[in-house]
Amino acid sequence: VFLATLINFIDRLTIAVLAPVITSDLHLSNQQFGSLTIWFLVAYTASQGLSGRLYDRVGTRRGFSLSIVVWSVAASAHAFARSLGSLSVLRVVLGLGEAGNWPGAAKVIAAWFPVRERAFAMGIFNSGVAVGNIVAVPLIVWLQLQFGWRTAFLVTGGLGFGWLLLWLRVYDSPERHHSITTEELALIKEGRPDDPGTRAAGWRELLGCRQLWAIVLSRFLTDPVWWLYITWLPKYLSDARGFSLKEIGWFAWLPYVTADAGSLAGGWVSGRLIARGWTIDRARKSVIAAGAVLMLAGIPAALAASAGTALVFIACVTLGFQRWINNVQTIPSDVFPERTVASVAGLSGVGAGLGAMLFTYAPGAVVDRLHSYTPI
């Protein structure tokens with residue numbers, strides 16, 4: 001799942017890293033480029049809820065296989081785009097496929113780990129986001145400089161097919177996996193509440209839970225912070241800080257190193273606190289609150305005099321966000337039975353996508369009119 005997430009973000013970020021080249025080649029304005037993210041997010045948001053439902057019905061193995069085939073085909077097809085319209089269609093298909101990664105990953109974590117280990121396991125999977133960002137920038141810039149931006153899409157889009165072969169060979173549920181022992185299965189189920197049900201919960205049942213709405217609202221309010229940086233950071237460094245494409249390749253990955261550290265540390269700390277006797281609720285919320293404080297560094301980042309200082313503050317934001325999201329994404333498996341975890345995670349992703357859509361389009365419009373990223 002870590003590898004799937006890494007590939008997911010490489011495929012998603014290819015267009016952001018190549019934004020200066022693509023916008024010039026296809027004669028796109030900042031606002032038009034921003035609209036591509038909106039098309040992606042519309043499909044991504046709708047597909048989060050549907051994918052979670054799909055995974056709870058057909059299982060993680062088949063659900064993940066379908067998701068990665070759809071997004072890998074779409075990512076590769078970007079190489080043949082000739083206009084804003086064709087790029088928009090491909091971003092829709094990419095969003096439909098990529099959305100399945102998150103409810104699928106949450107269901108894998110719920111299935112394979114005892115409660116006290118889930119946040120750290122979630123941190124390992126979530127670090128694929130940061131590592132994907134770290135790897136994507138220099139890899140994509142190198143591919144573009146050597147072979148052109150169209151070839152870059154073909155190479156990054158093809159990664160998912162290699163992953164699929166590995167997935168089908170090694171993954172199955174704990175109850176069906178040929179390598180698992182009775183002791184290991186007992187450890188995995190340690191601390192779980194009894195859940196005699198086997199049917200995935202219906203929409204009405206889930207939407208009546210206030211815990212679900214708390215998770216959805218938290219994602220709605222805070223995921224836009226992450227989307228701002230993964231969508232606009234390369235363009236911001238080019239427009240506002242005067243970076244060349246090569247300089248973006250050298251430096252734009254730095255905030256994702258701290259994001260990786262935040263993801264792993266956030267999971268480890270909450271698991272450690274639970275092991276020391278803290279309640280799950282108190283441990284999760286303490287780490288979430290600390291992450292929220294770190295995200296305030298976005299304010300001095302906007303006002304920093306130098307690019308280096310701005311990057312340091314942005315690195316604090318990404319560190320804080322990953323501490324935050326790692327524990328928020330673990331809560332569905334803390335609160336809900338395994339048979340509904342993917343559905344809950346998918347609905348929380350709908351909240352995240354709606355918040356991101358409302359916020360992510362704004363930078364292009366503001367920059368085109370005010371010629372400044374500072375208000376954003």
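Attention now goes to the overall build of the chain. Summing up its helical and strand segments, the chain has 19 helices and zero strands in all. What you see for the chain is a C-alpha radius of gyration of 20 Å, in line with the 21 Å of a compact globule of 376 residues. Across the 376 residues that make up the chain, the buried fraction comes to 56%. The contacts of the chain with a sequence gap of at least 6 include a subset with a gap of at least 24, amounting to 84%. For the chain, the exposed surface amounts to about 15,800 Å²; the carbon and sulfur share of it is 66%. For the chain, the separation between the mean place of its 30 positive charges and that of its 21 negative charges on side chains is 3 Å.

Under the defined criterion, the tally for this structure stands at 18 aromatic pairs. A ring pair is formed by phenylalanine 64 and tryptophan 163, whose centres lie 5.5 Å apart and whose planes are at 50°; its orientation type is tilted. One end of the pair, phenylalanine 64, is in helix H4 (residues 60-77); the other, tryptophan 163, is in helix H8 (residues 149-170), and 99 residues separate them in sequence. One exposure class covers both phenylalanine 64 and tryptophan 163, and it is buried. One aromatic cluster in this structure is built from Tyr55, Phe64, Trp163, Trp167 and Tyr171.

Another aspect to go through is unusual backbone geometry. Although it is not a glycine, histidine 27 sits at a positive phi angle of roughly 55°. In this structure, histidine 27 sits in the loop between helix H2 (19-25) and helix H3 (30-58).

Close contact between H4 and helix H6 (residues 101-112) brings their axes to 10 Å; oriented N to C, the two are set at 155°. Taken together, the axes of H4 and H6 are roughly antiparallel relative to one another. The handedness of the crossing between H4 and H6 is left-handed. Judged by residue contacts, Thr60, Phe64 and Trp71 of H4 engage Asn101, Gly104, Ala105, Lys107 and Val108 from H6. Among the residues forming the contact of H4 with H6, the class breakdown is four nonpolar, three polar and one charged.

Quick look at the side chain of arginine 241 now. With respect to the helices and strands, arginine 241 occurs in the loop between helix H11 (210-239) and helix H12 (245-251). This buried residue, arginine 241, is left without a salt bridge; aspartate 239 holds the nearest opposite charge, at 11 Å. A distance of 3.5 Å separates the side chain of arginine 241 from the backbone oxygen of alanine 305, its partner in a polar contact.

Moving on: the environment of glycine 267. Inspection of the secondary structure puts glycine 267 in helix H13 (residues 254-275). For the pair formed by glycine 267 and leucine 28, sequence separation is 239 residues and the distance between their alpha carbons is 41 Å.

Ile22, Leu87, Trp163, Trp226 and Leu237 are the most contacted members of the largest nonpolar core, which totals 94 residues. Element by element, the count of residues in this core is highest for H11, at twelve residues.

The next subject is the side chain of serine 76. As for its placement among the helices and strands, serine 76 is situated in helix H4. Judged by relative accessible area, which is 14%, serine 76 ranks as buried. Those residues in contact with serine 76 that lie beyond four places of it in its chain are Phe153, Leu154, Gly157 and Gly158.

For cysteine 316, the location among the structural elements is in helix H16 (residues 307-328). A relative accessible area of 30% means that cysteine 316 is categorised as partly exposed. Sequence separation between cysteine 316 and proline 255 is 61 residues, and the spatial gap between their C-alpha atoms is 7.6 Å. Residues within four places of cysteine 316 in sequence aside, it is in contact with Leu294 and Ala297.

Among the surface-exposed residues, Val293, Leu296, Ile299 and Leu303 lie close enough to one another that they form a single nonpolar patch of about 440 Å² accessible area. With respect to the element layout, isoleucine 299 can be found in helix H15 (residues 298-303). Judged by relative accessible area, isoleucine 299 falls into the exposed class, the value being 56%.

Let's shift gears to H4. Here H4 is 18 residues long and its end C-alpha atoms lie 26 Å apart, about the 26 Å a rise of 1.5 Å per residue gives. Along H4, the positions that sit buried rather than exposed are Thr60, Gly63, Phe64, Ser65, Ser67, Ile68, Trp71, Ser72, Ala74, Ala75 and Ser76. Looking at the buried side of H4, the elements it contacts are helix H1 (2-17), H3, helix H5 (84-98), H6 and H8.

With that settled, consider H1. In a regular helix each residue adds 1.5 Å, so 16 residues correspond to 22 Å; H1 covers 21 Å between its end C-alpha atoms and thus fits that length. The largest bend in H1 amounts to roughly 25° and is located at aspartate 11. In terms of burial, H1 is a largely internal element, 14 of the 16 residues being buried.

Pairs can form between side chains of opposite charge once their charged atoms are near each other. Overall, the coordinates contain seven salt bridges when judged by the stated rule. Notably, a salt bridge pairs arginine 12 with glutamate 98, separated by 2.9 Å at the nearest N-O pair. Pair noted here: arginine 12 is in helix H1 and glutamate 98 is in helix H5, with a separation of 86 residues, a long-range link. Of the two residues examined, arginine 12 and glutamate 98, each falls in the buried class. Its salt-bridge partner being aspartate 223, residue arginine 219 comes within 2.7 Å of it at the nearest N-O pair. Of this pair, arginine 219 and aspartate 223 are both found in helix H11, four residues apart, which corresponds to roughly one turn of the helix. Across the pair, exposure class does not vary: arginine 219 and aspartate 223 are buried alike.

Each value, and the rule that gives it
- Residues numbered from 1 in each chain as written.
- Predicted model: local features only at pLDDT ≥ 70, side-chain atom pairs only at ≥ 80, totals over all residues.
- Heavy atoms only, no water.
- Helix = DSSP H or I, 4+ residues; strand = E, 2+ residues; numbered from the N terminus.
- Rg over C-alpha atoms; globule rule 2.2 N^0.38 Å.
- Buried < 20%, exposed > 50% of the residue type's maximum accessible area, 1.4 Å probe, protein only.
- Contact = heavy atoms within 4.5 Å.
- Areas by Shrake-Rupley, 256 points an atom, 1.4 Å probe, with all protein chains shown as cover.
- Lys, Arg positive; Asp, Glu negative; His and termini not counted.
- Charge placed at Lys NZ, Arg CZ, Asp CG, Glu CD.
- Phe/Tyr/Trp six-rings, centres within 6.5 Å; stacked < 30°, edge-to-face > 60°.
- Axes fitted to C-alpha atoms, helices over the stretch in contact; angles between N-to-C directions.
- Parallel < 35°, antiparallel > 145°, perpendicular 65-115°, else oblique.
- Left-handed = near helix turned anticlockwise from the far one by under 90°.
- Nonpolar A, V, L, I, M, F, W, Y, C, P; charged D, E, K, R; others polar.
- Salt bridge = Lys/Arg side-chain N within 4 Å of Asp/Glu carboxyl O.
- Polar contact = N/O pair within 3.5 Å; in protein donor to acceptor, adjacent residues only side chain to side chain.
- Core = buried A, V, L, I, M, F, W, Y, C linked by side-chain atoms within 4.5 Å.
- Patch = residues over 30% accessible without salt bridge, like charges linked within 9 Å, V, L, I, M, F, W, Y side chains within 5 Å.
- Expected span 1.5 Å × (residues − 1).
- Bend = angle between axes of the 7 residues up to and from the residue.

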